[in-house]
Amino acid sequence: MATIKIDGREIPFEQGDTIIRAAHRAGIDIPHYCWHPGLSVAANCRMCLVEVLPPPGRPAMQLDILRWDAKKGDYVPARKPKLVPACQQGCTPGMEVLSSTSEHVEEARSAVQELLLLNHPVDCPICDQAGECRLQDYWLEHQRTGKRMQQEVVHKPKAVVFGPTIVYDAERCIICTRCVRFCEEVVQDPVLSVRERGNLNEIVVSPGKQLDHDYTLMTEHVCPVGALTSVDFRFKARVWFLRSARTVCQGCATGCNAYLDYDPRNNTPYRHRPRDNEHVNKYWMCDEGMLSYKRAVENRLTSALVGGEDATIEDALDAVKEQLAGFGDDASRVAIVLSAQHSNEDNYALLTLTRTFVGAKNLYVSGRPLGRGDKILMSEDKNPNTRGVMQLAGSMAPKPIAALLDAVKAGKYSFVIALGSELEVDEKEALGVLSKLKGLVTIASHDGPLVRAAHVALPAAAWAETDGTYVNRQGLAQRSEPALRPRGDATPGWDLVTRVGKKLGYAMTFKSLSDVRRALSAETRTDGGANGAARTDADRAATKPEVSA
């Protein structure tokens, strides 16, 4: 592969790469505002200026300039190399680039910083971007000087409502146009544009329209400064108090890679933001996914229920034994419900209980009903692990909940052991049918129809509270890290399944998540089937290097 040198370091580049893209891929940071790896090149901020050395035997391109001479107290003629924006300059084999080792580049970047900050308000103490603002970071790295301009700054509109989710502060805007290009190029909704020129320019919404498409929070996320702020996040938390966990979005079957930002002091999640993965979500997330972090704590089942009344876990397990005692050895009277909302580990534990001990032959799958999808990221399947459940079940392909209700109506089953709480069918009808069962035990992280119909419900840890693997619609298995401490009595679903099995007198031996994964991995190696692909993909996903724009 052809290479270039940046500050003496040799790095490879691909056909069509610009200097900044090749550097970005190699982990070299060239400062930038307007450049984003997922958007077209604008080259309007000039923060990524670099010096490209001439080919051997060729003179460098020089510019005639006037430089201030402090001794003479006047400007004097001088010359300096012509710098180029790294976001626009294509790579050629053998090219030598000076980025952090050129005094001319250092001087240019400092001047760009000073220009950008001439009219910018210094309102960092109240700006939501404080702590993650590139103006702050780059000022520290490339300027570190005070403002020389003595005149009053140009004042522009503040707190302009762009739509139901986004507020705009024109004074903080550096017109990098990332938001404009994102709406036009990714969402295909060119609702934003630039008005006026020079230091009077600002971002505006097209007359008669609002910023209200399905990716408005992503439009805010690409803003490198604090000009666009999210109504959901602004003034709620300081980023330096937050910690981040590498999670998988639970909003749909796409499985977008994300960071869940949370405050460990109060065990509260504050936002979801995209984690770059070229193979799944590239650099983006939809509004539905970015707001799905709320489901980690909302509508939770935090204590066990026996007959709809709060109970301890131990009392509930005793009730499970009593409730399911009626099926004896007749496994044909028992139906098992897996959950497309729960992880592979939770579902595998229930499958182990089913296939190894209970002997039930019929599987069903619960989950959220289908919703709206698009051609960008949003999937119609609003469950994060439908593909994982299907792979785990193998030849025992789970049937939809509607088939379970028909079977219960026909008197085929008297007992159901279920994972998850949500159903894709009418709740009232489902509750009426499920009330015919002699025993319904549900293990779920959230309240829902299956919990309300259950004779015994056990509280499982939510996706943000436990380590879990989810297989997206492409068949890619991805691991989601825990961020929050489990609420109330919530415990990992695989652990509750194991305790149910033991209470029923079976030799369930899972003591840790590692035990579950080890057994799952061993089974995968044995069957060599779809689960094998899932395991390989999980390992690949776990070791994939990340980039950030």
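Bear in mind the structure is a predicted one, so any value in this text is a computation, not a measurement.

(A) Inspection of the packing of helix α7 (residues 313-324) against helix α13 (residues 493-503) at higher detail. It is the contact of α7 with α13, at a shortest axis distance of 9 Å, that shows an interaxial angle of 50°. Considering the angle they form, α7 stands oblique to α13. In this structure, α7 crosses over α13, and the sense of that crossing is right-handed. Residues Ile 313, Glu 314, Leu 317, Asp 318, Val 320 and Lys 321 of α7 touch α13, and the partners they reach there are Leu 496, Arg 499, Val 500 and Lys 503. Looking at the contact of α7 with α13, its residues break down into 5 nonpolar, no polar and 5 charged.

(B) Quick look at the pairing of strand β24 (residues 468-471). Every second residue of β24 is oriented toward a common face, with Gly 468 and Tyr 470 on one face and Thr 469 and Val 471 on the other, all of them buried. As defined by bridge partners, β24 adjoins strand β25 (residues 477-480) across 4 bridges and the pair is classed as antiparallel. Looking across to β25, one finds that Thr 469 is bridged to Arg 479. In this structure, the hairpin formed by β24 and β25 is closed by a connection of 5 residues, where Gly 475 is found at a positive phi of approximately 90°.

(C) Region of interest: the nonpolar core. Ranked by internal contacts, the top residues of the largest apolar core, which has 48 residues, are Phe 162, Phe 182, Leu 192, Ile 203 and Trp 284. Residue assignment for this core shows that the elements contributing at least two residues are α2 (103-116), α3 (134-142), β9 (166-168), α4 (178-185), β11 (202-205) and α5 (216-221). By residue number, the principal contributor to this core is α4, which donates 4 residues. Counting residues in hydrophobic clusters, the runner-up holds 42 residues, among them Val 358, Leu 363, Ala 460 and Trp 494.

(D) Local environment of the pattern of salt bridges. With the rule as written, the count across this model stands at 30 salt bridges. Across the salt bridge formed by Glu 481 and Arg 246, the nearest N and O atoms sit 3.6 Å from each other. Of the two residues, Glu 481 sits in the loop between β25 and α13 while Arg 246 sits in strand β13 (residues 243-248), which places them 235 residues apart along the sequence. Its salt-bridge partner being Arg 452, residue Asp 447 comes within 3.1 Å of it at the nearest N-O pair. Classification of Asp 447 as partly exposed rests on a relative accessible area of 26%. In the salt-bridge network here, residues are joined through shared partners; they are Asp 123, Lys 158, Asp 169, Glu 171 and Arg 172.

(E) Expanded view of a nonpolar patch on the surface. On the surface, a cluster of nonpolar side chains totalling about 390 Å² of accessible area is made up of Leu 66, Trp 68 and Tyr 75. On the secondary structure map, Leu 66 appears in strand β4 (residues 62-69).

(F) Focus on empty space enclosed by the protein. Summed over all chains, the structure comprises 3 cavities of 30 Å³ or more. Here the largest cavity defines a volume of roughly 200 Å³. Contributing to the lining of the largest cavity are 20 residues, with Gln 341, His 342, Ser 445, His 446 and Trp 463 lying nearest its centre. Only α8 (344-358) and β24 provide two or more residues apiece to the lining of the largest cavity. Along the lines of polarity and charge, the residues of the lining of the largest cavity split into 5 nonpolar, 10 polar and 5 charged.

(G) Molecular detail of the packing of aromatic side chains. For the structure on display, the rule yields 9 aromatic pairs. Where Phe 162 meets Tyr 168, the ring centres are 4.7 Å apart and the plane angle is 20°; that geometry is what we call stacked. Residue class for Tyr 168 comes out buried when judged on its relative accessible area of 1%. One aromatic cluster is present, formed by Phe 182, Tyr 283 and Trp 284 through successive ring pairs. Geometry around Phe 241 places Arg 265 over its ring, the cationic atom sitting 4.1 Å from the centre. The cationic tip of Arg 275 hangs over the ring face of Tyr 259; the distance from NZ or CZ to the ring centre is 5.9 Å.

(H) Broad picture of the side chain of Asn 267. Mapped onto the fold, Asn 267 is located in the loop between β14 (257-263) and β15 (268-274). Residues contacting Asn 267, with those up to four places away along its chain left out, are Leu 484, Arg 485 and Arg 487.

(I) Seen up close, the packing of α2 against α3. Two elements in contact, α2 and α3, have axes whose closest approach is 10 Å; the angle formed by their N-to-C orientations is 140°. As summarised for this structure, α2 and α3 are arranged oblique, according to the angle between their axes. Relative to α3, α2 is oriented so that their crossing is left-handed. Each of Glu 106, Arg 109, Ser 110, Gln 113 and Leu 116 in α2 lies in contact with α3, whose residues at this interface are Leu 135, Tyr 138, Trp 139 and His 142. Per-class residue counts for the contact of α2 with α3 are 4 nonpolar, 3 polar and 2 charged.

(J) Quick peek at the environment of Ser 110. Looking at where Ser 110 falls in the secondary structure, it is placed in helix α2. In this structure Ser 110 touches His 142 and Gln 143, once residues within four positions along its chain are discounted.

(K) Focus on the pairing of strand β3 (residues 49-52). Relative to strand β6 (residues 84-85), β3 runs antiparallel, the two being bridged by 2 bridges. What sits directly across from Leu 49, in β6, is Pro 85. Both β3 and strand β7 (residues 96-98) contribute to a ladder of 2 bridges, which runs antiparallel. Bridge pairing in β7 links Val 52 to Val 97.

(L) Up close: the layout of surface pockets. Computed from the structure, the second largest pocket encloses a volume of approximately 470 Å³. Forming the walls of the second largest pocket are 20 residues, and the residues nearest its centre are Leu 115, Leu 116, Ile 174, Gly 198 and Asn 201. Tallied by class, residues from the lining of the second largest pocket come to 11 nonpolar, 6 polar and 3 charged.

(M) A look at the sheet that holds β14. Spatial strand order, β13-β14-β15: 3 strands in an open sheet with antiparallel pairing. Each having just a single partner strand, β13 and β15 make up the two edges of the open sheet. Put simply, the sheet's adjacent strands are angled 30° from each other on average, direction ignored. Pairing of β14 with β15, which is carried by 6 bridges, proceeds in the antiparallel orientation. Each bridged residue has a counterpart across the sheet, and for Asp 261 the counterpart in β15 is Arg 271.

(N) Examining the environment of Asp 261 more closely. Topologically, Asp 261 is positioned in strand β14. Owing to a relative accessible area of 2%, Asp 261 belongs among the buried residues under this scheme. Along the backbone, Asp 261 and Val 239 are 22 residues apart, and their C-alpha atoms lie at a distance of 8.5 Å. Leave out the neighbours within four places in its chain, and Asp 261 touches Leu 242, Arg 243, Ser 244, Pro 269, Tyr 270, Arg 271 and Arg 273. A polar atom in the side chain of Asp 261 sits 2.5 Å from the side chain of Ser 244.

Criteria and cut-off values
Residues numbered from 1 in each chain as written. Predicted model: local features only at pLDDT ≥ 70, side-chain atom pairs only at ≥ 80, totals over all residues. Heavy atoms only, no water. Axes fitted to C-alpha atoms, helices over the stretch in contact; angles between N-to-C directions. Helix = DSSP H or I, 4+ residues; strand = E, 2+ residues; numbered from the N terminus. Parallel < 35°, antiparallel > 145°, perpendicular 65-115°, else oblique. Left-handed = near helix turned anticlockwise from the far one by under 90°. Contact = heavy atoms within 4.5 Å. Nonpolar A, V, L, I, M, F, W, Y, C, P; charged D, E, K, R; others polar. Buried < 20%, exposed > 50% of the residue type's maximum accessible area, 1.4 Å probe, protein only. Pairing = 2+ DSSP bridges. Core = buried A, V, L, I, M, F, W, Y, C linked by side-chain atoms within 4.5 Å. Salt bridge = Lys/Arg side-chain N within 4 Å of Asp/Glu carboxyl O. Patch = residues over 30% accessible without salt bridge, like charges linked within 9 Å, V, L, I, M, F, W, Y side chains within 5 Å. Areas by Shrake-Rupley, 256 points an atom, 1.4 Å probe, with all protein chains shown as cover. 1 Å grid on protein atoms, 1.4 Å probe; cavity = no way out; pocket = protein on both sides within 12 Å on 5 of 7 lines; lining within 4 Å. Points joined across faces, edges and corners; volume = space filled by probe spheres on them. Phe/Tyr/Trp six-rings, centres within 6.5 Å; stacked < 30°, edge-to-face > 60°. Lys NZ or Arg CZ within 6 Å of the ring centre and 35° of its normal. Polar contact = N/O pair within 3.5 Å; in protein donor to acceptor, adjacent residues only side chain to side chain.

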